[in-house]
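# Residue-level structure breakdown
One-letter residues, chain by chain:
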Amino acid sequence: MANARAYLLLARMWIRVSMSYRTSFVVLTIGQFLISGLDFVAIVLMFTNIDALGGFSLTEIAFLYGGSTLCLGLADLILGNIERLGRRIRLGTLDAMMVRPVSVYVQMCADEFALRRLGRITQGGLVFAWAVHALDIDWTAARLAMVPYLLVFGTAIFLAIFTMGAAVQFWTADSSELANAFTYGGSTLAQFPMTIYPTEAIKALTFVIPITFVNWYPSLFILDRSDPLGLPGAVRFGGPVVAALLAAMAAGIWRTGIRHYRSTGS
Amino acid sequence: MSMIEVRDVSRSFVLRRRSGRWRRTAHTVHAVSGLSFTVEPGEMVGYIGPNGAGKSTTIKMLTGILVPTGGTLTVAGLTPYVERTQLAQRIGVVFGQRTALWWDLPLRDSYELLQRIYRIPPARYRTNMATFTELLDLAELLDTPVRQLSLGQRMRGDIAAALLHDPDVVYLDEPTIGLDVVSKSKLREFLRQTNRERGLTVILTTHDLHDIEQLCSRVMVIDHGRLVFDGDLAALHAVGGARRTLVVDLSEPTDPITIPGAETVKVEGPRQWLAFPAEASAAPLVAAVAAAHDIADLSILEPDIEDVITRIYTSTPPPG
Amino acid sequence: MRATGSLWFAVAQRSFRRYSTYRAATLAGIFTNCVFGLIFCFVYIAVWNQNPDAGGYDRTDAITYVWLGQAMIMTVAVWNGGATDDLAARIKSGDVAVDLYRPVNLLGWYLASDLGRALFHLLTRGVAPTVFGAVIFDLRYPASTLTWVQFAVSAVLAVTVSFGVRMLVSASAFWLLDDTGIKNLAAVLAMFFSGLVVPLVLFPGWTRDLASVLPWASYLQVPADIWLGKHVGGDAWMALGFQALWTLVLLAFCHGVLQLANRKVVVQGG
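Residues numbered from 1 in each chain as written. Chains lettered and ligands numbered in written order. Predicted model: local features only at pLDDT ≥ 70, side-chain atom pairs only at ≥ 80, totals over all residues. Heavy atoms only, no water.

Before going further, it helps to examine the overall build of chain C. What chain C contains, in helices and strands, is 11 helices and zero strands. Start at the N end of chain C and walk to the C end: the helices and strands fall as α-α-α-α-α-α-α-α-α-α-α. In summary, chain C has a C-alpha radius of gyration of 19 Å against a globular reference of 18 Å for 270 residues, a match within 12%. Oriented by its inertia axes, the alpha-carbon framework of chain C measures out at about 60 × 40 × 35 Å. Going through the 270 residues of chain C one by one, you find that 54% of them count as buried. (Helix = DSSP H or I, 4+ residues; strand = E, 2+ residues; numbered from the N terminus. Rg over C-alpha atoms; globule rule 2.2 N^0.38 Å. Buried < 20%, exposed > 50% of the residue type's maximum accessible area, 1.4 Å probe, protein only.)

Rendered as structure tokens:
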């Protein structure tokens, strides 16, 4: 509770700061929107040469794309700057956080909270909304409920991945790019239907690095498509379990990392 | 109850060094070993030692950042590495060169954040802010982003930040480094006053020995991870074999004077420097010099703490 | 002449060495390049399964293009960075005044430094992912020694063109207080018009013609087409000439801008 309060406090202050440089904030937000939007323009360009990718139409891919981008964008908004942990360790400024009566994790998550990341979220949201509008989905109650489910647990999975990627920096301070392979890489991967990847890769993405639980399984349910792996239907509802497992792992690695830092001081 | 109790504390690190293309060999470095001391409430202690002697390792253990490998320590009755978050309410830390303030924020915003983070009661916050703003001359800086402050201004800002939540103990790492003479003396006056009025316990690490001379009644010297001296300034002089220096201007240049009980340490034209034990009287020495030479002028230099400490460092053999 | 030559060489060497100290970062970066390369390969395979000669490429061309793209990302510094970022930082801190008074050509200094960096990134973050790609997929390789040489020249020109663009972006810091906006915009344009997200050959109609004459085409599309044998004979020399022309134009621009900046710093004292 105290941690949530501290997080909101810090985030609110950074929002106030960014608002005091309004022009810069607007430019950066639009920049985020455009950078993020290019990925989708690329997909549209590909579709000037083809009609379907891995058996999925442009609108269906837009649905996958929107879901993946929204989840990554939300996670990035919530704790994106946690990847600066390595830099803080190198500069020695993590110590200042350690002598404050608030969890270091919370301070790192809220560090320089960047509201401009709404740019990516807005872009993902627009593509998602367009896909929902253009697709002829039979909106049963269950499918409708699956949308917030996708967003909540997809975001949670990315939150855990961001945390693990940052925690690794307790050991190797300049490896922040390693995390990118899993966060941005994972999101890029999930923007496309899994049917374009080899079966072994889909299995790995289900059971080893469970990116498929972010948006693939929920989307299969909403779009009423069959699972290329032919797994039992219950797998499509595995999001909460996977998110909880990953969160537990992330918490473990983070704690071990803090312990490591406190036993080496570097 | 003592404010700080350190008993037989040690901290070693395992370093891996490349010893060939692929191989790495591990060896253990004892950053601090067998450290024991207590600090009473309201004491102002100078903690000095050469770079790499173990000063910052000690401070990191006292703040709970670093876990000791052996021994026990308590600060304000709490075990730092176990109760780090509770302890954070009771201590303040200034990390010398690295600011704990938010780089892009105006000073005032940093303070408002700290008020909420430390849950400082509003009335108390207002009083403290008023006091520190006046004593540290912060009024004109409050609306300036920290990154635009000069080193001295930032240090003042950092010190106020560390004291805002009324800590019992404050650790100051090189608080006067890079400051001009006026800022230094203002800062020292502030620390003296705060220590006196609030009963604040202060641990001061510094390279500027004038800080120690002017602020601290007690000095701890650490070298090679061991406490080599703990006592007051007078004792430090005695241990370091402090010597006073008689400076004489002769009417004309001569060979170095030789007089029993004194050593001629420097000759520069007609001026000569004669060192003698601090506790000995200067009168017989002056008489002896005057008997043999024609003295134009003379003065006596008091022992220099820097000199004393250098002697202590050089006289401690490195362990092992 | 020989003295300046050896100076530039020394500058480039320092820069190479400086980047080579970030070992963990380099390894992490190589890993990331491999992951993104894999993802794009599967996407492209799906595209070319649907349309086997999209953009005049076949499947092998497309897969090879992916790994060449991963190799060039850091080499040409698509996301900005490199020596030109040092310049921007020095402009902001005011240290650039010192640079401007040095008896050496500022442009040459930063170009040498950036070439040193680019060589390091090519040898590590360029070669390693490509080898990884070659192990997993069948790639196409230059058909002749001449093509290898032309590719090497093209890769160097790719760096000089991107250096020119990045230098202009960094130099904007002389006049703008906050250059983050320009930098972001430049990165977006470079990313897109270099053909890193989608090969320029897949662009429809006139957009393809437009994209092919912009400087960013030099970053990846031109070297890749030389490597893949899409430009042969006189065509290849034309392609190199295109890159050389952009290099000259951009460096001339940079020179002019630095002259202006010099006057500004001298007149206003920073």
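Time to look at the pattern of salt bridges. Residue and element names in this part refer to chain C. Tallied over the full model, the rule gives 31 salt bridges over all chains. In this structure, the salt-bridge partner of Asp114 is Arg117, at a minimum N-O distance of 2.8 Å. Of the two residues, Asp114 and Arg117 both sit in helix H6 (residues 106-136), three residues apart, roughly one turn of that helix. On the basis of relative accessible area, Asp114 is assigned to the buried category, the value being 0%. (Salt bridge = Lys/Arg side-chain N within 4 Å of Asp/Glu carboxyl O.)

We now examine the packing of helix H10 (residues 199-207) of chain A against helix H11 (residues 212-223) of chain A. Residue and element names in this part refer to chain A. For the pair H10 and H11, the least separation of the axes is 9 Å and the interaxial angle reads 110 degrees. Taken together, the axes of H10 and H11 lie roughly perpendicular to each other. Each of Ile202, Leu205 and Thr206 in H10 lies in contact with H11, whose residues at this interface are Thr212, Phe213 and Tyr217. (Axes fitted to C-alpha atoms, helices over the stretch in contact; angles between N-to-C directions. Parallel < 35°, antiparallel > 145°, perpendicular 65-115°, else oblique. Contact = heavy atoms within 4.5 Å.)

Right, let's get into the sheet that holds strand E11 (residues 263-268) of chain B. All names here are of chain B. Reading across from one edge, E11-E12-E10-E13 is the order of the four strands in this open sheet, with antiparallel pairing throughout. The open sheet has two edge strands, E11 and strand E13 (295-301), and neither has a second partner. Here the average twist between neighbouring strands, direction ignored, is 20 degrees. (Pairing = 2+ DSSP bridges.)

The next subject is a nonpolar patch on the surface. Together, Leu119, Leu123, Val127, Val131, Val135 and Ile136 of chain C give the surface a local cluster of nonpolar side chains, amounting to about 530 Å² of exposed area. Overall, the relative accessible area of 48% leaves Leu123 of chain C in the partly exposed class. (Patch = residues over 30% accessible without salt bridge, like charges linked within 9 Å, V, L, I, M, F, W, Y side chains within 5 Å. Areas by Shrake-Rupley, 256 points an atom, 1.4 Å probe, with all protein chains shown as cover.)

So, about the layout of surface pockets. All names here are of chain B. Its boundaries defined by the atoms lining it, the second largest pocket holds a volume of some 580 Å³. Together, 29 residues line the second largest pocket, and Lys55, Ser56, Thr57, Arg98 and Asp173 are the ones closest to its centre. Looking at the lining of the second largest pocket, the elements with two or more residues in it are helix H1 (55-63), strand E5 (91-94) and strand E6 (169-173). Top element by residues in the lining of the second largest pocket is H1. It accounts for five residues. A class-by-class count of the residues in the lining of the second largest pocket yields 11 nonpolar, 12 polar and six charged. (1 Å grid on protein atoms, 1.4 Å probe; cavity = no way out; pocket = protein on both sides within 12 Å on 5 of 7 lines; lining within 4 Å. Points joined across faces, edges and corners; volume = space filled by probe spheres on them. Nonpolar A, V, L, I, M, F, W, Y, C, P; charged D, E, K, R; others polar.)

Moving on, we get to the confidence of the model for chain C. Regions with low pLDDT should not have their predicted coordinates read in detail. Here chain C averages 89 in pLDDT, while 97% of its residues score no lower than 70. Element-level mean pLDDT values for chain C span from 78 in helix H5 (residues 96-101) of chain C up to 96 in helix H10 (residues 221-227) of chain C. (pLDDT = per-residue confidence, 0-100.)

What follows concerns the nonpolar core. Core analysis: the largest hydrophobic core is formed by 234 residues, its most contacted members being Leu53, Leu94 and Trp254 of chain A together with Ile4, Tyr111 and Tyr171 of chain B. In this structure, Ile91, Leu106, Tyr110 and Cys254 of chain C belong to the second largest nonpolar core, which totals 20 residues. (Core = buried A, V, L, I, M, F, W, Y, C linked by side-chain atoms within 4.5 Å.)

A few words now on the packing of aromatic side chains. If you walk through the whole model with that rule in mind, you get 30 aromatic pairs over all chains. Plain terms: the ring middles of Trp67 of chain C and Phe132 of chain C are 5.9 Å apart, the flat faces sit at 70 degrees to each other, and that makes the pair edge-to-face. With Trp67 of chain C in helix H3 (residues 59-75) and Phe132 of chain C in helix H6, the pair connects residues that are 65 residues apart, well separated along the chain. Here a set of aromatic residues connected by ring pairs shows up, and it is made of Tyr197 of chain A together with Phe42, Trp67, Phe132 and Phe137 of chain C. (Phe/Tyr/Trp six-rings, centres within 6.5 Å; stacked < 30°, edge-to-face > 60°.)

This part covers the sheet that holds strand E9 (residues 226-232) of chain B. Residue and element names in this part refer to chain B. Spatially, the six strands line up as an open sheet ordered E5-E6-E7-E3-E8-E9, and their pairing is mixed. Every other strand in the sheet has two partners, leaving E5 and E9 as the edge strands with one partner each. The average undirected angle you get between the axes of adjacent strands in this sheet is 15 degrees. Inspection of the sheet shows strand E3 (residues 44-48) paired to strand E8 (residues 218-223) by four bridges, in the parallel sense. Looking across to E8, one finds that Tyr47 is bridged to Met220.

One widely used convention gives an interface's size as the accessible area the parts lose upon coming together. Across the boundary between the two partners, chain B contributes 30 residues, which contact 27 residues of chain A. A per-residue breakdown of the area chain B buries against chain A is headed by Ile65, Arg84 and Ile117 of chain B, which together make up 22% of the total. Linking Arg16 of chain A and Asp109 of chain B is a salt bridge whose minimum nitrogen-to-oxygen distance equals 2.8 Å. Where chain B meets chain A, there are 12 residue pairs in polar contact (both at pLDDT 80 or more). (Buried area = accessible area lost by both parts, 1.4 Å probe. Polar contact = N/O pair within 3.5 Å; in protein donor to acceptor, adjacent residues only side chain to side chain.)

A few words now on empty space enclosed by the protein. All names here are of chain B. For the coordinates displayed, the defined rule picks out five cavities of 30 Å³ or more. As a volume, the largest cavity reaches approximately 140 Å³. Taken together, 14 residues form the lining of the largest cavity, with Val93, Ala100, Tyr118, Ala161 and Ala162 sitting closest to its centre. At the level of secondary structure, the elements contributing two or more residues to the lining of the largest cavity comprise E5 and helix H5 (151-163). Here the lining of the largest cavity is built from residues that sort into 10 nonpolar, two polar and two charged.

To continue, consider the environment of Leu8 of chain A. Residues and elements named next belong to chain A. In this structure, Leu8 sits in helix H1 (residues 2-20). A relative accessible area of 52% means that Leu8 is categorised as exposed. The spacing of Leu8 and Leu115 is 107 residues in sequence and 13 Å in space, taken between C-alpha atoms.

With that settled, the discussion passes to unusual backbone geometry. Notably, Asp137 of chain B is not glycine yet its phi reads approximately 60 degrees, a positive angle. Note on placement: Asp137 of chain B falls in the loop between helix H4 (122-135) and H5. Asp137 of chain B sits in the partly exposed class, given a relative accessible area of 42%. Even without glycine at this site, Asn80 of chain C takes up a positive phi of about 65 degrees. In this fold, Asn80 of chain C is placed in the loop between H3 and helix H4 (83-93).

A residue-level look at chain B finds 95% of positions with pLDDT of 70 or above and a mean pLDDT of 86. Across chain B, strand E4 (residues 70-75) of chain B holds the top mean pLDDT of 94, while helix H10 (residues 305-315) of chain B sits lowest at 72.

What follows deals with the side chain of Arg117 of chain C. Arg117 of chain C sits in the buried class, given a relative accessible area of 1%. Not counting chain neighbours up to four residues away, the residues in contact with Arg117 of chain C comprise Ser15, Phe16, Tyr19, Met74, Thr75, Val76, Ala77, Gly82, Ala83 and Arg166 of chain C.

All right, on to the domain arrangement of chain B then. Looking at the assigned domains, one finds that chain B contains domain 1 (42-70 + 77-238) and domain 2 (243-302). Relative to domain 2 of chain B, the C-alpha centre of domain 1 of chain B lies at a distance of 43 Å. (Domains from an automatic or database assignment.)

Here we come to helix H3 (residues 58-79) of chain A. The end-to-end C-alpha separation of H3 of chain A is 31 Å, in line with the 32 Å expected for 22 residues at 1.5 Å each. In terms of burial, H3 of chain A is a largely internal element, 19 of the 22 residues being buried. (Expected span 1.5 Å × (residues − 1).)

On the surface, Arg5 and Arg12 of chain A together with Arg116 and Arg119 of chain B cluster together into a patch of positive charge. Mapped onto the elements of the fold, Arg5 of chain A is located in helix H1. (Lys, Arg positive; Asp, Glu negative; His and termini not counted. Charge placed at Lys NZ, Arg CZ, Asp CG, Glu CD.)

Right, let's get into helix H12 (residues 239-264) of chain A. Here H12 of chain A is 26 residues long and its end C-alpha atoms lie 37 Å apart, about the 38 Å a rise of 1.5 Å per residue gives. Those residues of H12 of chain A that fall on the buried side of the exposure criterion are Gly239, Val242, Ala243, Leu246, Ala250, Trp254, Gly257, Ile258, Tyr261 and Arg262 of chain A.

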